[in-house]
Amino acid sequence: MAHQGSTGCVVLFTGLSGAGKSTLAQGLHSRLCESGYRVEILDGDAVRRELNKGLGFSLEDRTENIRRISFVARLLAKHGVIVLIPVIAPYRSLREEMRAASPSFFEVFVNAPLNVCEQRDVKGLYARARAGDLRNFTGIDDPYEAPERPDIECRTDLHSIETCVENLVAKLEQHLESRRVSEHA
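Residues numbered from 1 in each chain as written. Predicted model: local features only at pLDDT ≥ 70, side-chain atom pairs only at ≥ 80, totals over all residues. Heavy atoms only, no water.

Caption draft 1: Examining the nonpolar core more closely. Counting 34 residues, the largest nonpolar core has Val-11, Phe-13, Ile-82, Val-108, Leu-168 and Leu-172 as its most contacted members. Elements that contribute at least two residues to this core include exactly strand S1 (9-14), helix H1 (21-34), strand S3 (82-86), strand S4 (105-111), helix H5 (114-120), helix H6 (125-130), strand S5 (152-155) and helix H7 (161-183). It is H7 that provides the largest number of residues to this core, a total of six residues. Not counting the four nearest positions on each side in its chain, Leu-172 is found in contact with Cys-9, Val-11, Leu-28, Leu-32, Ile-82 and Phe-106. In this structure, Val-47, Ile-69, Val-81 and Ile-85 belong to the second largest nonpolar core, which totals 17 residues. (Core = buried A, V, L, I, M, F, W, Y, C linked by side-chain atoms within 4.5 Å. Buried < 20%, exposed > 50% of the residue type's maximum accessible area, 1.4 Å probe, protein only. Helix = DSSP H or I, 4+ residues; strand = E, 2+ residues; numbered from the N terminus. Contact = heavy atoms within 4.5 Å.)

Caption draft 2: Structural detail: the pattern of salt bridges. As enumerated under the stated definition, the model contains twelve salt bridges in all. The salt bridge partner of Arg-130 is Glu-118, with a shortest N-O separation of 2.8 Å. In this pair, Arg-130 is assigned in helix H6 and Glu-118 in helix H5, connecting sequence segments twelve residues apart. Its relative accessible area of 26% is what places Glu-118 among the partly exposed residues. Among the ionic pairs, Arg-155 bridges to Asp-157, the shortest N-O distance being 2.7 Å. Overall, the relative accessible area of 27% leaves Arg-155 in the partly exposed class. Its relative accessible area of 27% is what places Asp-157 among the partly exposed residues. The network of salt bridges with shared partners includes Arg-95, Arg-99, Glu-107 and Asp-151. (Salt bridge = Lys/Arg side-chain N within 4 Å of Asp/Glu carboxyl O.)

Caption draft 3: Here's a closer look at the packing of aromatic side chains. Applying the stated criterion to the full structure yields two aromatic pairs. Seen from their ring centres, Phe-109 and Tyr-144 are 6.2 Å apart, and the 20° between their planes marks the pair as stacked. Highlighted residues: Phe-109 in strand S4 and Tyr-144 in the loop between H6 and S5, separated in sequence by 35 residues. Between Tyr-126 and Phe-137, the ring centres sit 4.9 Å apart and the planes meet at 85°, which makes this aromatic pair edge-to-face. One end of the pair, Tyr-126, is in helix H6; the other, Phe-137, is in the loop between H6 and S5, and eleven residues separate them in sequence. Summarising the burial analysis for this pair, Tyr-126 and Phe-137 share the class buried. (Phe/Tyr/Trp six-rings, centres within 6.5 Å; stacked < 30°, edge-to-face > 60°.)

Caption draft 4: Quick peek at the pairing of S5. Of the two faces of S5, the one lined by Ile-152 and Cys-154 is fully buried and the one lined by Glu-153 and Arg-155 carries no buried residue. One ladder, built from four bridges, connects S4 with S5; its direction is parallel. Along S5, the bridge assignment pairs Asn-111 with Arg-155. (Pairing = 2+ DSSP bridges.)

Caption draft 5: Layout of unusual backbone geometry. Phi angles above zero are rare outside glycine, and Ala-89 is one such case at about 40°. Position of Ala-89 relative to the elements: it lies in the loop between S3 and helix H4 (92-101). The class of Ala-89 is buried, set by a relative accessible area of 5%. Phi is positive for Asn-136, which is not a glycine, with a value near 60°. By the element assignment, Asn-136 lies in the loop between H6 and S5.

See the structure below:
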């Protein structure tokens, strides 16, 4: 069934580097596209290479990075697109700002312990951060503030990607349906 007239939504995947945010976003993207939804991914790494080129990892630059991504996501969602944003977004206050600014916002806490994320690190970022070569790295010398009330939590150290995607599809479709009902009430 096509969902061309569906309500757009901003879906934030937050968690440590290596937790599985991009993998889950890709899985959800495939499933939603198969169901006829209009979906885009604003991947944190890709956005940093293009839209946010030149921003570093200071608190100010991280904040500006997330604000720009949030702005683009809201524009797309306003036009009926489900926007998947896999980014670390380490600060609660910034995630709450995103939620407040988005008419339809869905927060996914992609949770895996730090040691699991370090084992999964194919880019070697954690090793570089521990060696002091990479400053302000979330989870090492910069904090990650876990969400207090995410819309869903995906424990990628305990559940398969397939199971997490199934749970995400079910919860997100409930969220979208409740938004459609409230818009037509």
